[in-house]
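Overview (structure and organization)
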Amino acid sequence: MSPASNLKKNTPNLSPKETQYLLKMRKIAEDPSKQYKFPGQDGGRFEIPLVSLDKRENFVFNVCKRRIVLTCSYQTRTKNTGIILARLDFDQGHRNPDGNRVGCPHLHYHKEGYGTDAWATDEIPFEVEGKSNQEILNSFLDYCNVEKLNIEFNLFS
């Protein structure tokens, strides 16, 4: 399948170099004093606006946890284009555009020519097996170069 056939009309696109540059860029919360609660047993979601240290780039960090399918996704995306730079999913595997299957958990990433998050890998660059939601979240934030966020965890997070 060619990249062009998978790309939606008017979908923003980044080169691999631009994607890595944005992913490696240091990011902080727009409002470091604001506190967020990690979703508990009933699921939920929240979004944290982020900015680069020089305040030139805007990003959004999302957490979504659904009780019904027991999924938990963490994602960092650019605010202006909506391109997902990285998303960690725990729900179920799927097929990439080339037909190859990825297991679960898996890490979505932007691939030039394929829209925002069509591709994923189950080769996650940090440990997730046997880790708590808080440990996984912190590892994902490190991977995305996001400085510590004010997220409160509880017993059921």
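See the structure printed just above.
Now for a description of the structure that goes with this document. Computed from a predicted model, the values in this text were never measured in an experiment. (Residues numbered from 1 in each chain as written. Predicted model: local features only at pLDDT ≥ 70, side-chain atom pairs only at ≥ 80, totals over all residues. Heavy atoms only, no water.)

Let us now look at the environment of W119. Along the chain, the position of W119 falls in strand β10 (residues 119–121). Sequence-wise, W119 and H106 are 13 residues apart; in three dimensions their C-alpha atoms are separated by 9.8 Å. With sequence-adjacent residues up to four places away left out, W119 is seen in contact with N96, P97, D98, L107, H108, Y109, K111 and Y114. (Helix = DSSP H or I, 4+ residues; strand = E, 2+ residues; numbered from the N terminus. Contact = heavy atoms within 4.5 Å.)

In this section: the pattern of salt bridges. The final tally for this structure, using the stated rule, is 3 salt bridges. Of the charged contacts in the structure, one is a salt bridge between E147 and R26, with a shortest N-O distance of 3.6 Å. Of this pair, E147 sits in the loop between α3 (133–143) and β11 (151–152) while R26 sits in the loop between α2 (16–24) and β1 (27–29); the two residues are 121 residues apart in sequence, bridging distant segments of the chain. Looking at E147, the relative accessible area reads 33%, which means it is partly exposed. (Salt bridge = Lys/Arg side-chain N within 4 Å of Asp/Glu carboxyl O. Buried < 20%, exposed > 50% of the residue type's maximum accessible area, 1.4 Å probe, protein only.)

What follows is about the side chain of T19. Along the polypeptide, T19 turns up in helix α2. Apart from the residues lying within four places of it in its own chain, the contact partners of T19 are L14, L85 and H110.

I48, F61, L149 and I151 are the most contacted members of the largest nonpolar core, which totals 30 residues. Those elements that provide at least two residues to this core are α2, β3 (44–52), β4 (58–66), β6 (84–89) and α3. The greatest single-element share of this core, amounting to 4 residues, is contributed by α3. (Core = buried A, V, L, I, M, F, W, Y, C linked by side-chain atoms within 4.5 Å.)

To continue, consider α3. Among all positions in α3, only N133, I136, L137, F140 and L141 are buried. Down the axis of α3, the buried set is contained in an arc of 135 degrees. They therefore lie on one face. Remark: N145 follows α3 within two positions and exhibits a positive phi of approximately 60 degrees. (Arc of directions from axis to C-beta.)

The next subject is the environment of N150. Position of N150 relative to the elements: it lies in the loop between α3 and β11. What makes N150 partly exposed here is its relative accessible area of 31%. Residues N150 and P32, 118 residues apart in the sequence, show an inter-C-alpha distance of 6.9 Å.

Moving on, we come to the packing of aromatic side chains. Tallying each qualifying case throughout the model produces 5 aromatic pairs. Ring centres 4.6 Å apart and planes at 20 degrees place the aromatic pair F38 and F153 in the stacked group. Placement of the pair is F38 in the loop between β2 (36–37) and β3 and F153 in the segment after β11, with a sequence separation of 115 residues. Like F38, the residue F153 is buried in the burial classification. (Phe/Tyr/Trp six-rings, centres within 6.5 Å; stacked < 30°, edge-to-face > 60°.)

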